[in-house]
Every structure is written in C-alpha cells, then in structure tokens.
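# Architecture and fold: a report
The lines below spell out each chain.
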Amino acid sequence: MDALPNLPLPFVASIVILALCGAYIYTRHRNTFLKKLQGPESSFLLGNELDIRYQNEVGDVEFKWMQQFGSAWRRRGPLGRDHLMIADPKAAQYILHTSGYHFPKKADQQQNTKMILGEGLVWAPHGEIHQRQRKIMTPAFFAPQLRTFLPLFQDSASKLAQKWKDDVIALDQSGTPVVNVARWLSRVTLDVIGEAGFDYHFGSLDDAKPPLANYYDNLFIDSTLYPSKFDMVFRSLWRFVPAPVLHYVRYLPMREYRRFREYLDFVRVFARDLIEKSSAKSGGKDILSILLQANQSEDPKGRLSDQEAIDQISTLLLAGHDTTANSLTWFLWEIAKHPEDQTRVREEIAAVRARRNEEQFSAAGLDSMTFTQAALKESMRLHPIVWILPRQAGRDDVVPLAFPITLKSGEQVSSVPIKKGTPIDISIAAYNRNPEIWGPDAGEWNPDRFLNMDKAKQTSVGVFANLLNFSGGIRACIGWRFSVLEMQIIAATLLENFEFSLPPNSEKMRIYRKPTGIMVPMTDGERGAWMGLAIKALK
C-alpha cells in the first residue's frame, strides 16, 4: 500500500495551472468539423457535462439529443472541448472493432479506472499491455470451464430462494413482503464470485458480514453520483498532466476519491492473501487458480507482474458482482411490471424441466428457454448498467455512420472526420434504445423483438444480443458468458419459486435509474440502492 502523501495547496494549484495552459493551447486547435454538427446548447465552463452527470435518470438527456440530432451529435465538455457523441451501430463497430486500438481510453477515464480497479485488465492501456493481460486471463473464461460453475450458480440461487422463504416470507404476516431485491442479489453474486473466482467463502447469504461488503456498500453512489462542479472541470484537465504526477490525485480528500482509495487499498491486501493461498495448492478450478497456472506457463516477458495479478482480483470482484446483481435487479422489476410475460417465463421453465427431466439446469436447458432469454435481453437493453463508454481518437480518422445525420447547414453526411485526440462518447443507453436499430417501439418493453429479429440486417457490435452492455470488439468484457449464465440460472430459479409484483405504494416510491459510475436503482426516502418488490412464494 502506498504511503499517504501530503498534498499541499501549491501542489494542486500547480497541476491546475499546468493543465489550464495546455487547455488554452488545445482550444486554439480544436476539431473544426465537429462545429458543423448539431448539438445541445452549453456553457463554456462545464459544457454539457453538468447535463449528463446531473440528469435525474440515465438517458434523460441522451434520448432527447438522439431524437433531436440523430445517431451522432456534438456535445461539449468542460472548458469548451468538443466531443463526438454517438448512438450509431456502424460508428460503434468502427471504434470498438475495426480500429479498436486506434481509439484508446481518455486520460481521465484511464486514471479513474486505475483509482477504482488498479492495473488490471479493464485499466490496461491499448496495445501490448492489454493483449498480454487478456491472453493470460482468457483460459479462465473458456466455455467448458464456465460450464463447471453451473452447479455453483444453481446452489447459490436455491440458497437465496430458501432464505427468502424462511427468513423473509415466513416472518411476514401478509405472506407477500416487500423486499429490497437489490441488496439480496448483491449478496448472492458476491458469494458466487468468491467461490467461482477464488475458491473463497464470503458467506454473505449465511448472514456473515465480510469486511469487503462494507467497502462495497454504496461505493459508486457515494463516490460518483452528482460530482462537484470543481471535480468535473478538474478531471477534464488530467490529459495535460504527466501520468506519474496524476497518480497522486487518488489521495485527494474529497468524496470522489476517498471511498475508492479505501476500497482498492483493502482489496489489494485481501488479494495478496488469496494469491498466496492459491499458489500453495494445485489443481484448483476457480478462476484465480487457472489464471495463475496460465501465468506460470508463459514466457517471463509475457507474464503478469505481481501488481497486475493482484489487481485482476479487484477487477473480477467488482465486474463479476455489482454489474450482474444490478442487471438482475432491473430484470425482476420489468418482470414484476409485466405479469403476463412473467407467466410466460415461468411456464417455459416448467416445460423445459418436464421435457429434459433435469434436477439442475444444464447449458442446453438454458439455451432452450428462448423467451426467458429474450426477456433477459430486453431488460438489459432498456437498463444498461454501464451506460456510457468514453474513448478518444488516437489519430486523425473518419468515423462512418450507418444512419446519415444532418449538419447545421442542412447538408446530410454519412461519416464524421475527426482529429487526433478528439473525445468520443459512445452512449450505450441511447444505442440500446435507438429506434433505427430496434424499431419504433425501442423505448418500450417487448421481449418478442429478440425472437422476431432479422439478425442479418443488424450491424454486428455487441458480444451478447448485439447490445453494448458488455462493450464489444477487442475490449469486450472477458467475463460476459460467466455473467449471462449466472443471471439465467438465478432468474429461472427465483421465478420458479416466487411471484413478483410491484408494491402497493409503487406510485409514491418511484424507482429512478441514477447516473452513478454504474446505473443503480434508487428511490426517495431510502438510502443507497433500492428496488422494493412484493414477493410471494409459489406452492
């Protein structure tokens, strides 16, 4: 763990002055073509950053902008910097697939990822470092390996179902208690990633209180929801600050930095202990054991460093736990709002059980639940947990568009020339609801769209259902299959055992899709992530 340095005011001031000088030079050489694009009005100091970061719900501004300007538009960041914002499939394909390594992460995003997850795969810069880390990590996520986790997923889901019956429903006089499913799903996914990832028993469903859970509690809400205006401007200047100097911003005392620093410092100590224990045994089938085995078999120059290996654990913990739990939370909410589709899912599960005569779900059985899969895809389409994906142009380039846009002059164009360094925001929320991709009812719940879709007419972008929830291309989420299998089994198990409905006070307790670093459900009058649903045990 790094020693906490003293950051005097002159140090911070020097960073700001240096960055402002760079910003002044940059603004004199801005991308002139982006000025021709339509876009929302903005201020010079904050641009449209305030609109995005302070929107009441994810998508409030992006959906409006997409409707006004088409699938690509100009928006401004702090200090007048022009951004290209897209919800276009061909543009996303070009940026993520075709020319993936020519569109690296922005400096502020790179540093922010490092502060949260350390130097693991999500942080890894484009090129050799990313390729080396991904090569070592890949064997742990091969399909045959993932199928060995199916019994664990099933046992954990069944355990959650039994806990609800014994500890929640049995103690409620109405028989239909309102349960904050967000909290419970976070507990079960933490237990799953502990066992599957590291052969470690967190015991969250056993009412243990692992120290790690305290660091996770409202981590993104406390650190990223509605950041200060100073911090928005400050981060926009990071691209002018040398990386060795930028490292020390993690020690700033503001809330945007303190919680993530405490989390990462704890996880790194925890990870070292896990690696020591895993290295002392042989033949382990958990993700960490396979990762360490693959690392030892590589040429020394191709191996992970000790720090990189340690930071893969923080990456797996956060990516394999929080995002999956939140995706399941939104799925149950949609199912509760649409009882007719909930019945269809439940009947399909029962039919597959009867036809295959399986006590536990198999991969083939899950694949045959076509409507259940469609409902899960539709929920993920409407509610992407990672809702925006920042990149920047690594060279002068031309970004192609599937759908032409109209410039301020009235001219229509099918591509956007950009200069090296141009920031690009891929709006996953807007892409997932773009009516030119998903149809005129793109803003509405309709799982059948995935059963009737002509895939041949779609531009290939995302790794799952052509959604961008797991990103796409060379930096697509390496654990997406793990997450999908886990969600399928937990969703099927819960719907076999329970009926979900909106609580009686649902009109007053409105659920909001809050724009933290990841999209979380919240409501007025409740602290932290909250999704209250009425659950009733089925006989």
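As shown above, the structure is provided for reference.
Now for a description of the structure that goes with this document. (Residues numbered from 1 in each chain as written. Predicted model: local features only at pLDDT ≥ 70, side-chain atom pairs only at ≥ 80, totals over all residues. Heavy atoms only, no water.)

### Comments concerning the sheet that holds strand β3 (residues 178-180)
The cut-off we apply is this: Strand pairing is assigned whenever DSSP detects at least two bridges linking the two strands. In this description a helix means any DSSP run of H or I spanning at least four residues, a strand means any run of E spanning at least two, and both kinds are numbered starting from the N terminus. Lines fitted to the C-alpha atoms define the axes, with helices restricted to the stretch that makes contact. Angles between their N-to-C directions range from 0 to 180 degrees.
One open sheet holds the 3 strands; their spatial order is β3-β11-β8, and the pairing between them is antiparallel. Because the sheet does not close on itself, it has two edges, and the strands there are β3 and β8 (498-501). Each strand of the sheet is rotated relative to its neighbour by a mean of 45 degrees, with strand direction disregarded. In the sheet, β8 pairs with strand β11 (residues 532-537) via 4 bridges, with the strands oriented antiparallel. In the strand pairing of β11, E499 is matched with K536.

### Digging into the layout of surface pockets
Over the atoms, a rolled probe matching the size of one water molecule traces out where space is still vacant. Definition in use: Note on definitions: the grid is 1 Å and covers protein atoms alone; a cavity is a set of points where a 1.4 Å probe fits but cannot get out; a pocket is an open set with protein on both sides within 12 Å along at least five of seven lines; lining residues have an atom within 4 Å of a point. Grid points are joined across faces, edges and corners, and a volume is the space filled by probe spheres set on the points.
Its boundaries defined by the atoms lining it, the largest pocket holds a volume of some 600 Å³. Lining the largest pocket are 26 residues, and of these R183, S186, R187, A213 and D217 sit closest to its centre. Elements with a contribution of two residues or more to the lining of the largest pocket: α9 (181-198), α10 (211-216), α11 (219-224) and α17 (322-337). If you tally residues by element for the lining of the largest pocket, the top one is α9, at 5 residues.

### Quick look at the pairing of strand β2 (residues 82-86)
Condition: Whether a residue is buried, partly exposed or exposed follows from its accessible area with a 1.4 Å probe, protein chains only, as a fraction of its type maximum: under 20%, in between, or over 50%, in that order.
For β2, the tally of buried residues reaches 5 of 5 residues, placing the bulk of the element in the interior. In β2, alternate side chains face the same way, and those of D82, L84 and I86 on one face and H83 and M85 on the other are all buried. Bridge count for strand β1 (residues 72-76) against β2 is 5 bridges, and the pairing is antiparallel. Across the sheet, the residue bridging to R76 is D82, located in β2. Hairpin remark: β1 followed by β2, antiparallel, with 5 residues in the connecting loop; positive phi at L79, about 60 degrees. Bridge count between β2 and strand β7 (residues 423-427): 3 bridges; the pairing is parallel.

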